[in-house]
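Descriptive analysis of the structure
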Amino acid sequence: SRRNHEQQIHQLAVTDKLTGLLNRHAFSGKLASLIAEADKMQRKIAIAFIDLDHFKLINDTWGHHAGDQVLVAASNILMHHTREYDEVGRYGGEEFAILMPGLSLLEAAAAAERICTLIAAKPVIVDGNAITVTASMGVACFPAANIVNLNELLKAADQALYQAKKRGRNQVVTTVDLNTGDV
C-alpha cells in the first residue's frame, strides 16, 4: 500500500543503513525535541557519547568488513541494553550516542558503565578471529550548573568523551569527573 511505502521511505530516511540505529540527523531532531520537553517539564535528560576505541586499527588490521561487523555488534549491545524509551543513534563513523530521558548524571553513568563492560566482554568473531573491542564514553546531563541548553549539553558530553580517551580509553567519564581535574 502507499502508506506502507511511505513508512518504508521514512524509515530509510531516519535510520543508519548498516546498524539500523537512528542516523545523526534523526537523532539530533529527537534530541532537540526531548531537551525542549525536559526543559518544559523540569525533568532531567542525560546523554552519553560513545566512541569505539582504535577503530581505524580494526579496519586496517582486519579489513572494512570486520569494521562493519564490529559496528553492528556494538549497535546490538546498545539497542538491547538501553531502556525502550532511550534513543540510540549512530552519530558518525564509530561514534554513537544514547539519550536517556529522566536519568540523573549518576544513573546515566551507571548505565554507560554497564554498556562499556558489555562491549569489552564480548569479542566480535570475524573470519574465525576474535576481535576485542572497547569503548570510551562521555556522559552529561541537562540541566546542570553549566548546562542550560542543547549546545552546552553536547559540548559537555564531547569534553567528557575526550577525557575518557585521554585518560586511557575503555572507560566512562562524566562532566562531574571533568571538574575534579585530570587524573
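You'll find the structure just up there.
Structural notes, computed from the coordinates. Everything numeric here is computed off the predicted structure, so don't read it as measured data.

**A few points about the overall build of the protein**
Each helix and strand in the protein was counted, giving 7 helices and 7 strands. Counting from the amino terminus, the protein carries its helices and strands in the arrangement α-α-β-α-α-β-β-α-β-β-β-α-β-α. Taking 2.2 N^0.38 as the reference for a compact globule, 183 residues should give roughly 16 Å; the C-alpha atoms of the protein span a radius of gyration of 17 Å, in line with that estimate. Across the 183 residues that make up the protein, the buried fraction comes to 44%. Considering only residue pairs separated by 6 or more positions, the protein has 64% of its internal contacts joining residues 24 or more positions apart. Of the roughly 10000 Å² of accessible surface on the protein, 53% is carried by carbon and sulfur atoms. Here the protein holds 18 positive side-chain charges and 20 negative ones, and the gap between their average locations is 3 Å.

**Notes on the packing of aromatic side chains**
Scanning all chains against the criterion turns up 2 aromatic pairs. Pairing Phe27 with Tyr91 gives two aromatic rings, centres 5.8 Å apart and planes at 90 degrees, and the pair type is edge-to-face. Of the two residues, Phe27 is situated in helix H2 (residues 24-41) and Tyr91 in strand E2 (residues 87-92); the sequence distance between them amounts to 64 residues. The pair formed by Phe27 and Tyr91 is uniform in burial state, with each residue classed as buried. The interplanar angle of 40 degrees and the centroid separation of 5.1 Å between the aromatic rings of Phe49 and Tyr91 together place this pair among those described as tilted.

**Some thoughts on the nonpolar core**
One finds Leu52, Val70, Phe96, Met100, Val133 and Met137 to be the most contacted residues of the largest nonpolar core, which totals 34 residues. Mapped by element, the contributors of at least two residues to this core are strand E1 (45-52), helix H3 (55-62), helix H4 (64-80), strand E3 (95-101), helix H5 (105-121), strand E4 (124-126) and strand E6 (135-142). Here the element with the most residues in this core is H5; it accounts for 7 residues. Dropping the residues within four chain positions of it, Met137 is found in contact with Ala48, Phe49, Ile50, Ala112, Ile115, Cys116, Ala160, Leu161, Ala164, Gln171, Val172 and Val173. Core analysis: the next-biggest nonpolar cluster, separate from the first, contains 22 residues, Leu22, Ala26, Ile35 and Ala38 among them.

**Side note on the sheet that holds E3**
Taken in spatial order, the 5 strands line up as E2-E3-E1-E6-E7 in an open sheet, and their pairing is mixed. Every interior strand has two partners, whereas the edge strands, E2 and strand E7 (172-174), have only one. Strand after strand, the sheet turns through a mean of 20 degrees between neighbouring axes, direction not considered. In terms of strand pairing, E6 meets E7 through 3 bridges, oriented parallel. Pairing of Gly138 across the sheet is with Val173, part of E7. In the packing of H4 onto the sheet, contacts are made with E1, E2 and E3, and the angle to E3 comes to roughly 5 degrees. Here helix H6 (residues 150-166) sits on the sheet and contacts E1, E2, E6 and E7; the angle it forms with E6, its principal contact strand, is near 150 degrees.

**Thoughts on the pairing of E6**
Within E6, 8 of the 8 residues are buried, which leaves it mostly tucked inside the rest of the structure. Residues of E6 alternate between two faces, with Ala135, Met137, Val139 and Cys141 on one and Ser136, Gly138, Ala140 and Phe142 on the opposite face, all of them buried. Read as a crossover between parallel neighbours, the route from E6 over H6 to E7 is left-handed.

Thresholds, definitions, all that
- Residue positions are given per chain, counted from 1 along the sequence in the order it is written.
- Under the rules for a predicted model, residues below a pLDDT of 70 receive no local features and side-chain atom pairs below 80 are neither given nor counted, while totals for whole chains, interfaces and linings still include all residues.
- To get the side-chain values, take all heavy atoms of the structure and skip hydrogens and water.
- In DSSP terms, a helix is any run of H or I states spanning at least four residues, a strand is any run of E spanning at least two, and both are numbered starting from the N terminus.
- For this measure, only C-alpha atoms enter the radius of gyration; the expected value for a globule follows 2.2 Å times N^0.38, where N is the number of residues.
- Categorising residues by exposure relies on relative accessible area from a 1.4 Å probe, with only protein chains included: less than 20% of the type maximum marks a residue as buried, more than 50% marks it as exposed, and the intermediate range marks it as partly exposed.
- Throughout, a residue-residue contact means that at least one pair of heavy atoms, one from each residue, lies within 4.5 Å.
- In short, Shrake-Rupley with a 1.4 Å probe defines the accessible areas, and a residue's cover is counted only from the protein chains shown.
- Counting rule for charge: Lys and Arg are taken as positive, Asp and Glu as negative, and neither His nor the chain ends is counted.
- The atom standing in for a charge is NZ when the residue is Lys, CZ when it is Arg, CG when it is Asp and CD when it is Glu.
- Pairs were defined over the aromatic rings of Phe, Tyr and Trp, the Trp ring being its six-membered one, requiring ring centres within 6.5 Å. Orientation was assigned from the angle between planes: stacked under 30 degrees, edge-to-face over 60, tilted for the rest.
- Only buried Ala, Val, Leu, Ile, Met, Phe, Trp, Tyr and Cys residues count toward a nonpolar core, and they belong to the same one when joined by side-chain atoms within 4.5 Å.
- Any two strands with at least two DSSP-identified bridges between them are counted as paired.
- Convention adopted: a line fitted to C-alpha atoms gives each axis, helices being fitted over their contacting stretch, and angles between N-to-C directions are expressed from 0 to 180 degrees.
- When the strands point away from the viewer, a crossover counts as right-handed if the path from the first strand over the helix to the second runs clockwise.

Purely geometric stuff here, so don't read any function into it on its own.
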